[in-house]
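Chains, contacts and geometry: an overview
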Amino acid sequence: MSWIVTKYLVTAAVVVLVSEAAARSDRLGGLIASLPLVTVLTLIWLHVERQPQEKIANHAWYTLWYVLPTLPMFAAFPWLLGRFGFWPALGASVAITVASILLFALVLKRFGIQLL
């Protein structure tokens with residue numbers, strides 16, 4: 001039980017770090033947020049929990065493919081925010097991400113990579 005609490009605390013600390021940095025500096029917050037901190041923590045947690053190397057490698061492999069279709073959201077959100085406000089822009093960005101992931105999964109399936 002203490003291990004899961006430790007994981008929660010460390011992971012939450014990363015989120016707080018990013019939000020605090022973003023509140024102080026747009027550039028620094030963006031830089032820290034763009035780092036694959038959650039993925040690195042996940043890889044560490046999997047390793048410490050003695051998961052097989054294949055599972056750890058698969059996590060990194062699939063993370064690569066899921067990151068790519070999330071990029072359109074980051075391009076669309078600033079534009080949508082200025083025109084529709086925060087919540088509609090966020091909702092539309094989430095919809096764009098879901099649609100991008102589905103479309104990307106269909107494209108990759110043709111190349112033998114099964115995302116979904």
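In short, a report on the structure. Keep in mind that what you see is a predicted model, and the values were worked out from it rather than measured. (Residues numbered from 1 in each chain as written. Predicted model: local features only at pLDDT ≥ 70, side-chain atom pairs only at ≥ 80, totals over all residues. Heavy atoms only, no water.)

A few points about the packing of aromatic side chains
The description of an aromatic ring pair rests on the distance of the ring centres and on the angle between the ring planes. The full count for this structure, using the stated rule, is five aromatic pairs. Ring centres of tryptophan 3 and tryptophan 45 lie 5.3 Å apart, and the angle between their planes is 90°; this geometry places the pair in the edge-to-face category. Placement of the pair is tryptophan 3 in helix 1 (residues 2–24) and tryptophan 45 in helix 3 (residues 37–48), with a sequence separation of 42 residues. For tryptophan 3, a relative accessible area of 34% corresponds to the partly exposed category. With 6.2 Å between their ring centres and 40° between their planes, tryptophan 65 and phenylalanine 104 make a pair best called tilted. With tryptophan 65 in helix 4 (residues 53–67) and phenylalanine 104 in helix 6 (residues 86–109), the pair connects residues that are 39 residues apart, well separated along the chain. In this pair, the class of tryptophan 65 matches that of phenylalanine 104, namely buried. Three or more aromatic residues joined by ring pairs make a cluster, and in this case those are Trp61, Trp65 and Phe104. (Phe/Tyr/Trp six-rings, centres within 6.5 Å; stacked < 30°, edge-to-face > 60°. Helix = DSSP H or I, 4+ residues; strand = E, 2+ residues; numbered from the N terminus. Buried < 20%, exposed > 50% of the residue type's maximum accessible area, 1.4 Å probe, protein only.)

Structural notes on helix 5 (residues 71–84)
Over its 14 residues, helix 5 extends 20 Å from the first C-alpha to the last, a length consistent with the 20 Å expected when each residue adds 1.5 Å. Residues of helix 5 that are buried in the fold lie against helix 6. Following helix 5 by one or two positions, glycine 85 adopts a phi angle in the positive range, close to 95°. (Expected span 1.5 Å × (residues − 1). Contact = heavy atoms within 4.5 Å.)

Details of the environment of proline 72
When you line up the elements, proline 72 lands in helix 5. For proline 72, a relative accessible area of 35% gives the class partly exposed. Between the C-alpha atom of proline 72 and that of threonine 97, which follows or precedes it by 25 residues, the distance is 7.0 Å. Not counting the four nearest positions on each side in its chain, proline 72 is found in contact with Ile96 and Ser100.

Shape is all these values report; function is a separate question.
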